[in-house]
Amino acid sequence: MNAPADTPLSMETLEQLRAEIRIINTEEGVSLSQIATEADIKYGTFTPWLTGKYQGDNAAIGLKVARYLESRRQRKETLAVLPTAPSYIATPTSTAILETLAFAQAAPDFAVIVGGPGIGKTTGITEYQRRSPNVHVVTAEPCVSSPINMLAAIAESMGVIERSSNKLSRAIVARLRNTTALLVIDEAQHLESKALDQLRTLHDLAGCGIAVAGNETVFARLQGGDARNAQFAQLHSRVGKRLVQPKARAQDICRLIAAWNIPAESDMAQLLKQIAAKPGALRNLTKVLR
């Protein structure tokens, strides 16, 4: 139901809005708490409004609900015309990523996956986690670059509860030891050198597999630059398997184009190959197609 923000809402309109919400809740399985969150309404206000027992400004809440419903309709219309990207595709690069992760978990050892943007690192990691048990994945970001913040993110991903920052490492090690687990840090270029060294410590104490994935900065930090000191030598020597691939392979691009059912010799396919050869690779190809 369309209800402009400056239009007063009648009792009949409010009831129609409530009826729409109940349909979304019961027939589509969307929880009332999720609806309240998406509509930017406090749950304690939303539920009495929905039952007609709210003592405040019902019309004001109704306008928020009307905006939510209209926005939801627009999203559904947009999604209806957007093509669905193919699910996981076993490209040569993604297969190499899965094999590298499998080695790190089975050995157990320290693996490094270095590649340019858009070659499928995250997709490969996600697929491996879907297939394999006991795989914990943390996506690094600038705010978790330090050892303590990285440990906190790892603990959260594993469900480890430890309030003392000094005991975080030991709690994580206790959870990982003797579990044949694999800990994967994606976007690891955001980690400081000390955080990478902390991963070495986790590997040594827990005896678990660890894999870090990111751009060429990761490998540079593991090597320690031109002047490799004892700290970096310890870290670099832990790396048992490396996968270094600056850009997507030609066969990766061809397989993704084929998955979109685009004829290999068409003009569109040739244009897409040019696009995928640029920075952003397969990610940009998918975005252009959508």
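Below is a summary of the structure that appears in this document. Computed from a predicted structure; not experimentally measured.

1. Let's talk about the pattern of salt bridges
Okay, so step 1: Taken as a whole and assessed by the stated rule, the structure comprises 10 salt bridges.
Okay, so step 2: The residue arginine 73 makes a salt bridge to glutamate 20 at a minimum N-O spacing of 3.0 Å. Highlighted residues: arginine 73 in helix 4 (residues 58-81) and glutamate 20 in helix 1 (residues 11-27), separated in sequence by 53 residues.
Okay, so step 3: Residue classification places arginine 73 among the partly exposed positions, given a relative accessible area of 25%.
Okay, so step 4: Measuring nitrogen to oxygen at the nearest pair gives 4.0 Å for the salt bridge that ties lysine 76 to glutamate 28. Separated by 48 residues along the polypeptide, lysine 76 in helix 4 and glutamate 28 in the loop between helix 1 and helix 2 (32-38) bring together distant segments of the chain.
Okay, so step 5: Taking the relative accessible area as the measure of exposure, lysine 76 reaches 48% and is therefore partly exposed.
Okay, so step 6: A relative accessible area of 40% places glutamate 28 in the partly exposed class.

2. Observations regarding empty space enclosed by the protein
Empty space among the atoms becomes visible once a probe the size of a water molecule is rolled across them.
Okay, so step 1: Scanning all chains against the criterion turns up one cavity of 30 Å³ or more.
Okay, so step 2: The computed volume of the largest cavity comes to approximately 30 Å³.
Okay, so step 3: What lines the largest cavity is Thr93, Ile97, Ile113, Val114, Gly115, Ile119, Leu243 and Gln245.
Okay, so step 4: Elements with a minimum of two residues in the lining of the largest cavity: helix 5 (92-106), strand 1 (110-115) and strand 5 (239-245).
Okay, so step 5: It is strand 1 that provides the largest number of residues to the lining of the largest cavity, a total of three residues.
Okay, so step 6: Here the residues of the lining of the largest cavity sort into five nonpolar, three polar and no charged.

3. Section: the packing of helix 5 against helix 6 (residues 121-131)
Okay, so step 1: In contact at an axis separation of 9 Å, helix 5 and helix 6 are set at 50° when each is read in the N-to-C sense. Judged by the inter-axis angle, helix 5 sits oblique to helix 6. The crossing of helix 5 and helix 6 is right-handed. Within the contact between the two elements, helix 5 uses Ile97, Leu98, Leu101, Ala102 and Gln105 and helix 6 uses Lys121, Gly124, Ile125, Glu127, Tyr128 and Arg131.
Okay, so step 2: Here the residues of the contact of helix 5 with helix 6 are counted per class, giving six nonpolar, two polar and three charged.

4. Some thoughts on the nonpolar core
Within soluble globular proteins, side chains that are nonpolar tend to cluster in buried spots.
Okay, so step 1: Judged by nonpolar contacts, the single largest core of 35 residues is most densely connected at Val112, Ile154, Ile185, Leu191, Leu199, Leu202 and Val212.
Okay, so step 2: Within the residue set of this core, elements represented by two or more residues are strand 1, helix 7 (147-158), helix 8 (168-176), strand 3 (182-186), helix 9 (193-206), strand 4 (209-214) and helix 10 (216-223).
Okay, so step 3: Looking at which element gives the most residues to this core, the answer is helix 7, with six residues.
Okay, so step 4: Beyond its immediate sequence surroundings of up to four residues, valine 112 is in contact with Val212, Val218, Phe219, Leu222, Val239, Lys241, Arg242 and Leu243.
Okay, so step 5: Grouped together as the second largest cluster of nonpolar side chains are 20 residues, Leu9, Ile21, Ile35 and Ile61 included.

Scoring rules and cut-offs
- Residues numbered from 1 in each chain as written.
- Predicted model: local features only at pLDDT ≥ 70, side-chain atom pairs only at ≥ 80, totals over all residues.
- Heavy atoms only, no water.
- Salt bridge = Lys/Arg side-chain N within 4 Å of Asp/Glu carboxyl O.
- Helix = DSSP H or I, 4+ residues; strand = E, 2+ residues; numbered from the N terminus.
- Buried < 20%, exposed > 50% of the residue type's maximum accessible area, 1.4 Å probe, protein only.
- 1 Å grid on protein atoms, 1.4 Å probe; cavity = no way out; pocket = protein on both sides within 12 Å on 5 of 7 lines; lining within 4 Å.
- Points joined across faces, edges and corners; volume = space filled by probe spheres on them.
- Nonpolar A, V, L, I, M, F, W, Y, C, P; charged D, E, K, R; others polar.
- Axes fitted to C-alpha atoms, helices over the stretch in contact; angles between N-to-C directions.
- Parallel < 35°, antiparallel > 145°, perpendicular 65-115°, else oblique.
- Left-handed = near helix turned anticlockwise from the far one by under 90°.
- Contact = heavy atoms within 4.5 Å.
- Core = buried A, V, L, I, M, F, W, Y, C linked by side-chain atoms within 4.5 Å.

Nothing here speaks to function; it is all geometry.
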